[in-house]
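These are the residues of each chain, in order.
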2 protein chains.
Amino acid sequence: MQDLTQEKCVACNREAPKVTQAELDKLLPQIPDWKLIERDNIQRLERVFSFPDFITALEFTIRIGALAEEEGHHPALLTEWGRVTLTWWTHKIKGLHRNDLIMAARSDQAFEKSSSQAAD
Amino acid sequence: MQDLTQEKCVACNREAPKVTQAELDKLLPQIPDWKLIERDNIQRLERVFSFPDFITALEFTIRIGALAEEEGHHPALLTEWGRVTLTWWTHKIKGLHRNDLIMAARSDQAFEKSSSQAAD
């Protein structure tokens, strides 16, 4: 199976295909901590990440922001004391593109990295 | 009239007083861009700040995060492409403390500063 963390986002326009249910069934097990939600009739991926305080939550937001800029694909990041709620979807297609699953997987990877650094 | 931007946050505990309606009537004109909202039965101050892209929105989030750390008083910051939705309230008293009005005024000041730097 393809490893989502090894994929790069592709350029996306209004005609780009949404992920199919078959793809979701195949790929969601790679990102088990993410919830598939629908808000304003738009399907999105959302995960709450926990941190010991405000500043480490903000550092994670900054890290994800850098990743988003690199890939030219931007999420919503709600930063609060002790947690970040991260939401991925694709504005242009008003739904989920494979890019969003890739970014979710890479966000998990960034979180694991920051957690292991904090434990060092 | 006292200028909110010149005030510092005071340490706050569960017994700290919420702002009164009289105080709100007096102080809200100093922060006219803020909406008084109620969410989960908690009164909050909220403002949406607009930016030309994701990275300047994120830079504002970082700036407000630094201000929050300085004062030991932390908001919710929703960072998206082109905007930051900033919400202030006081967790401990489940409502608005004068500290929140001070932080709203100082957030406005930080925004004006970042806008004038961008225009330089």
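In this report, the structure presented in the accompanying data block is examined. Positions within a chain are numbered from 1, following the residues in the order the chain's sequence is written. Following the order in which they are written, the chains are lettered starting with A and the ligands numbered starting with 1. Predicted model: local features are reported for residues with pLDDT of at least 70 only, side-chain atom pairs are reported and counted for 80 or more only, and whole-chain, interface and lining totals are derived from all residues. The side-chain quantities take in all heavy atoms of the structure and omit both hydrogens and water.

### With respect to the interface of chain A and chain B
How we decide: Here, two residues are considered to be in contact whenever any of their heavy atoms come within 4.5 Å of each other. In this description, buried area is defined as the sum, over both parts, of the accessible area (probe of 1.4 Å) that is lost when the two are combined. Think of a salt bridge as a Lys or Arg side-chain nitrogen and an Asp or Glu carboxyl oxygen that are within 4 Å of each other. Contacts described as polar in this section are N or O atom pairs within 3.5 Å, which, within protein, must combine one atom able to donate a hydrogen with one able to accept it, while residues neighboring in sequence count only if both atoms come from side chains. Each helix is a run of H or I in the DSSP string that is no shorter than four residues. Each strand is a run of E no shorter than two, and both are numbered from the N terminus. Polarity classes work like this: nonpolar for Ala, Val, Leu, Ile, Met, Phe, Trp, Tyr, Cys and Pro, charged for Asp, Glu, Lys and Arg, and polar for all others, with Gly in that last group. Whether two strands pair comes down to DSSP finding at least two bridges between them.
Contacts between the two partners involve 17 residues from chain A and, on the opposite side, 17 residues from chain B. Of the roughly 1300 Å² buried at the junction of chain A and chain B (both faces included), carbon and sulfur atoms supply 74%. Taken together, chain A and chain B are joined by 0 salt bridges. Remark: the boundary between chain A and chain B carries 2 residue pairs in polar contact (both at pLDDT 80 or more). Only helix H2 (54–71) and strand E3 (76–80) of chain A provide two or more residues apiece to the side of chain A that touches chain B. With 8 residues, H2 of chain A is the largest single contributor of residues to the side of chain A that touches chain B. Its residues assigned to classes, the side of chain A that touches chain B shows 11 nonpolar, 4 polar and 2 charged. Pairing analysis gives 3 bridges linking E3 of chain A to strand E3 (residues 76–80) of chain B, with the strands arranged antiparallel. Note that in E3 of chain B the partner of Thr79 of chain A across the bridge is Leu77 of chain B.

### Describing a positive patch on the surface
Residues and elements named next belong to chain A. Applied cut-off: Residues enter a patch when their relative accessible area is above 30% and they make no salt bridge; the linking distance is 9 Å between like charges and 5 Å between nonpolar side chains (Val, Leu, Ile, Met, Phe, Trp, Tyr). In these tables, accessible area is a Shrake-Rupley quantity obtained with a 1.4 Å probe, and a residue counts as shielded only by the protein chains included in the view. Only four residue types enter the tally: Lys and Arg on the positive side, Asp and Glu on the negative side; His and the chain ends are excluded. Taken as the charge centre is NZ of Lys, CZ of Arg, CG of Asp or CD of Glu, depending on the residue. To sort residues, take the accessible area from a 1.4 Å probe on protein chains only and compare it with the maximum for the residue type: under 20% means buried, over 50% means exposed, and anything in between is partly exposed.
Residues Arg14, Lys18, Lys92 and Lys94 make up a contiguous surface patch of positive charge. Tracing the backbone shows Lys18 in the segment before helix H1 (21–27). Owing to a relative accessible area of 46%, Lys18 belongs among the partly exposed residues under this scheme.

### Concerning the pattern of salt bridges
Residue and element names in this part refer to chain A. Across all of its chains, the model carries 18 salt bridges over all chains by this definition. For Arg98, the salt bridge goes to Glu7, with nearest N and O atoms at 2.8 Å. Pair noted here: Arg98 is in helix H3 (residues 98–119) and Glu7 is in the segment before H1, with a separation of 91 residues, a long-range link. The same class applies to Arg98 as to Glu7, namely buried. When salt bridges with common partners are traced through the structure, they connect Glu7, Glu23 and Arg98 into a single cluster.

### A closer look at the environment of Ala104 of chain A
All names here are of chain A. Along the chain, the position of Ala104 falls in helix H3. Sequence separation between Ala104 and Thr5 is 99 residues, and the spatial gap between their C-alpha atoms is 8.7 Å. The residues touching Ala104, leaving out its near neighbours within four places in the chain, are Ile31, Trp34, Leu45 and Trp88.

### Things to note about the packing of H2 of chain A against helix H2 (residues 54–71) of chain B
What counts here: Where helices are involved, their axes are fitted lines through C-alpha atoms of the stretch in contact, as for all axes, and angles between N-to-C directions lie from 0 to 180°. Put simply, angles under 35 degrees are roughly parallel, angles over 145 are roughly antiparallel, angles from 65 to 115 are roughly perpendicular, and the rest are oblique.
Interhelical geometry of H2 of chain A versus H2 of chain B gives an angle of 170° and a closest axis separation of 11 Å. The orientation of H2 of chain A relative to H2 of chain B falls into the category roughly antiparallel. Residues Phe54, Ile55, Leu58, Thr61, Ile62, Gly65, Ala68 and Glu69 of chain A of H2 of chain A form the contact with H2 of chain B, whose own contacting residues are Phe54, Ile55, Leu58, Thr61, Ile62, Gly65, Ala68 and Glu69 of chain B. Counted by class, the contact of H2 of chain A with H2 of chain B contains 10 nonpolar, 4 polar and 2 charged residues.

### Notes on unusual backbone geometry
Residue and element names in this part refer to chain B. Phi at Asn41 is positive, roughly 60°, even though this residue is not glycine. When you line up the elements, Asn41 lands in the loop between strand E1 (35–39) and strand E2 (42–50). In this structure Asn41 comes out as exposed when scored by relative accessible area, which is 71%. Located in the positive-phi region is Lys94, a residue other than glycine, with phi close to 50°. Among the secondary structure elements, Lys94 is positioned in the loop between strand E4 (83–88) and helix H3 (98–119).

### Description of the relation of the copies chain A and chain B
Where we set the bar: Our superposition of the copies is a least-squares fit, built on the C-alpha atoms of residues whose pLDDT is at least 70 in both.
The transformation that overlays chain A on chain B combines an axial shift of 0.0 Å with a rotation of 180°, and the residual RMSD is 0.0 Å. What the rotation and shift describe, once combined, is the action of a two-fold rotation axis. Relative to the rotation axis, the closest C-alpha in chain A is found at Leu78 of chain A, a distance of 2.1 Å. A shared binding surface is used by both copies, with 100% of the interface residues of chain A retained as interface residues in chain B.

### Concerning the packing of aromatic side chains
Basically, it comes down to this: Within 6.5 Å between ring centres, the rings of Phe, Tyr and Trp (the latter by its six-membered ring) count as paired, and their orientation is classed by plane angle as stacked under 30 degrees, edge-to-face over 60, tilted in between. Working rule: Lys NZ or Arg CZ, within 6 Å of ring centre, within 35 degrees of ring normal, means a charge sits over the ring.
This structure, assessed with the given rule, holds 12 aromatic pairs over all chains. On the numbers, 5.9 Å between centres and 70° between planes, the contact of Trp34 of chain B with Phe49 of chain B is edge-to-face. With Trp34 of chain B in the loop between helix H1 (21–27) and E1 and Phe49 of chain B in strand E2, this pair connects stretches of sequence that are 15 residues apart. For the pair Trp34 of chain B and Phe49 of chain B, a shared accessibility class is recorded, and that class is buried. Arranged with centres 5.8 Å apart and planes meeting at 80°, the rings of Phe60 of chain B and Phe111 of chain B form a pair that is edge-to-face. You can see Phe60 of chain B sitting in helix H2 and its partner Phe111 of chain B sitting in helix H3, a full 51 residues away along the chain. Of the two residues examined, Phe60 of chain B and Phe111 of chain B, each falls in the buried class. Ring pairing ties together the aromatic residues Trp34, Phe49, Phe51, Phe60 and Phe111 of chain A, which thus form one cluster. Above the plane of the ring of Trp89 of chain A lies Arg44 of chain A, whose end atom (NZ or CZ) is 4.4 Å from the centre.

From the geometry alone we can't say anything about function, so treat these as descriptive.
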